[in-house]
Amino acid sequence: MLVIDDELPIRRFLRASLNPSEYKVLEAETAEGGIRAVATENPDIVLLDLGLPDGDGIDVARSLRAWTEVPIIVLSARGQESDKVAALDAGADDYLTKPFGVHELMARIRVALRHAKKEAGSEPVLELGEIRLDLAARLVFRSGEEVHLTPNEYKLLALLARHAGKVLTHRQLLREVWGEAYVDESHYLRVYIAQLRQKLEADPTQPRFLLTETGVGYRMRVD
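Residues numbered from 1 in each chain as written. Predicted model: local features only at pLDDT ≥ 70, side-chain atom pairs only at ≥ 80, totals over all residues. Heavy atoms only, no water.

A. Layout of the environment of Val222. Inspection of the secondary structure puts Val222 in the segment after strand S14 (217-220). Residues contacting Val222, with those up to four places away along its chain left out, are Val111, Arg114, Leu128, Ala164 and Gly165. (Helix = DSSP H or I, 4+ residues; strand = E, 2+ residues; numbered from the N terminus. Contact = heavy atoms within 4.5 Å.)

Here it is as structure tokens:
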């Protein structure tokens, strides 16, 4: 695990919190040092601050995504929705606002690592609670019964499932499902997510699996 943060107290806190959990914690204080450490040390996951002395963490995430799929969790004092969207669009897998709790951070780390492992294994069947997706056969089941989806409903659900646990921004979802010309048509997502919740959630008004990240995007819950 690599922590890229210029604040020594934060690095000490993370080392003390994560080392007992059997994570080997490496540290970098700058954007340049962090990118170099990812290349040389090949960490399982990166915890990335946005405010670095020699550059912005969003640029670091974008640079890393050009050549590696290592999970990136942003840890930042910036709490604005625009910062979260920018970081996620740049390739970050998750975003936590400082201050944060150790237990929440550990949960986010576990989800990011599970997701990375699933992608590496390219599983053709995804089990997410009572929802089962057979990606090879393009079939969806809820509690053992087949659910009939429209082509775009299926594309949206499959995209969220392949990235289960990760926040996908409105622009990411719209680009992948409808195309570049539709990245500003966020009302499409509201309609289709509502339809999916009606078909898959036991109580669409209190969704368990298809979660809204207000102002940012959507996440499929995996636990």
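B. Local environment of the sheet that holds strand S13 (residues 210-213). Pairing is antiparallel across the open sheet formed by three strands, whose spatial order is S12-S14-S13. Each edge of the sheet is formed by a strand with only one pairing partner; in this case those strands are strand S12 (168-169) and S13. Pairing of S13 with S14, which is carried by four bridges, proceeds in the antiparallel orientation. The partner of Thr212 across the bridge, within S14, is Tyr218. (Pairing = 2+ DSSP bridges.)

C. Representation of the environment of Leu173 within the structure. Tracing the sequence through the fold places Leu173 in helix H7 (residues 170-177). In sequence terms Leu173 and Lys155 are 18 residues apart; their C-alpha atoms lie 9.6 Å from each other. Those residues in contact with Leu173 that lie beyond four places of it in its chain are Leu156, Leu159, Leu160, Leu168, Trp178, Leu189 and Tyr218.

D. Structural detail: the packing of aromatic side chains. According to the stated counting rule, one finds four aromatic pairs in the structure shown. Relative to Phe100, the ring of Phe13 lies with its centre 6.3 Å away and its plane at 55°, an arrangement referred to as tilted. Here Phe13, found in helix H1 (residues 8-18), pairs with Phe100, found in the loop between strand S7 (94-97) and helix H5 (102-121); they are 87 residues apart in sequence, far enough to count as distant. A connected cluster of aromatic rings, assembled from ring pairs, spans Trp178, Tyr182, Tyr188 and Tyr192. (Phe/Tyr/Trp six-rings, centres within 6.5 Å; stacked < 30°, edge-to-face > 60°.)

E. Molecular detail of the nonpolar core. Counting 29 residues, the largest nonpolar core has Leu133, Val140, Leu156, Leu157, Leu160 and Leu173 as the members making the most contacts within it. Put simply, the parts of the chain that give this core at least two residues each are strand S8 (125-128), strand S9 (131-134), helix H6 (151-162), H7, helix H8 (186-200) and S14. No other element matches the seven residues that H6 contributes to this core. Counting 24 residues, the second largest nonpolar core, distinct from the first, contains Ile4, Leu52, Val74 and Val216. (Core = buried A, V, L, I, M, F, W, Y, C linked by side-chain atoms within 4.5 Å. Buried < 20%, exposed > 50% of the residue type's maximum accessible area, 1.4 Å probe, protein only.)

F. Seen up close, the pattern of salt bridges. Overall, the coordinates contain 21 salt bridges when judged by the stated rule. Ionic pairing is found between Arg15 and Glu27, a salt bridge with its closest N-O pair at 2.7 Å. Pair noted here: Arg15 is in helix H1 and Glu27 is in strand S2 (residues 26-28), with a separation of 12 residues, a long-range link. For Arg15, a relative accessible area of 32% translates into the label partly exposed. With a closest N to O distance of 3.5 Å, Lys98 and Asp49 form a salt bridge. (Salt bridge = Lys/Arg side-chain N within 4 Å of Asp/Glu carboxyl O.)

G. Focus on the packing of H6 against H7. Close contact between H6 and H7 brings their axes to 10 Å; oriented N to C, the two are set at 130°. If you check the angle between H6 and H7, you find them oblique. For the element pair H6 and H7, the recorded crossing hand is right-handed. Seen from H6, the contacting residues are Asn152, Lys155, Leu156, Leu159 and Leu160; seen from H7, they are Leu173, Glu176 and Val177. (Axes fitted to C-alpha atoms, helices over the stretch in contact; angles between N-to-C directions. Parallel < 35°, antiparallel > 145°, perpendicular 65-115°, else oblique. Left-handed = near helix turned anticlockwise from the far one by under 90°.)

H. Region of interest: the sheet that holds S8. A sheet is described by the order of its strands in space; here four strands give the open sequence S8-S9-S10-S11, paired in antiparallel fashion. Each edge of the sheet is formed by a strand with only one pairing partner; in this case those strands are S8 and strand S11 (145-146). Direction of pairing for S9 relative to strand S10 (residues 139-142): antiparallel, over a ladder of four bridges. Within S10, the position partnered with Arg132 by the bridge is Phe141. Here H6 sits on the sheet and contacts S8, S9 and S10; the angle it forms with S9, its principal contact strand, is near 100°.

I. Seen up close, the pairing of strand S6 (residues 72-76). Of all five residues making up S6, five are buried, and the element is well covered by its neighbours. Of the two faces of S6, both are covered, the one formed by Ile72, Val74 and Ser76 as well as the one formed by Ile73 and Leu75. Inspection of the sheet shows strand S3 (residues 46-48) paired to S6 by three bridges, in the parallel sense. Within S6, the position partnered with Leu48 by the bridge is Val74. Of the pairings in the sheet, the one linking S6 to S7 comprises four bridges and is parallel in character. Bridging from a neighbouring strand, Leu75 pairs with Leu96 of S7. Since S6 and S7 lie parallel, the crossover through helix H4 (residues 81-89) that links them has a hand, and here it is right-handed. (Right-handed = clockwise from strand over helix to strand, strands pointing away.)

No statement about biological role is implied by the geometric values presented.
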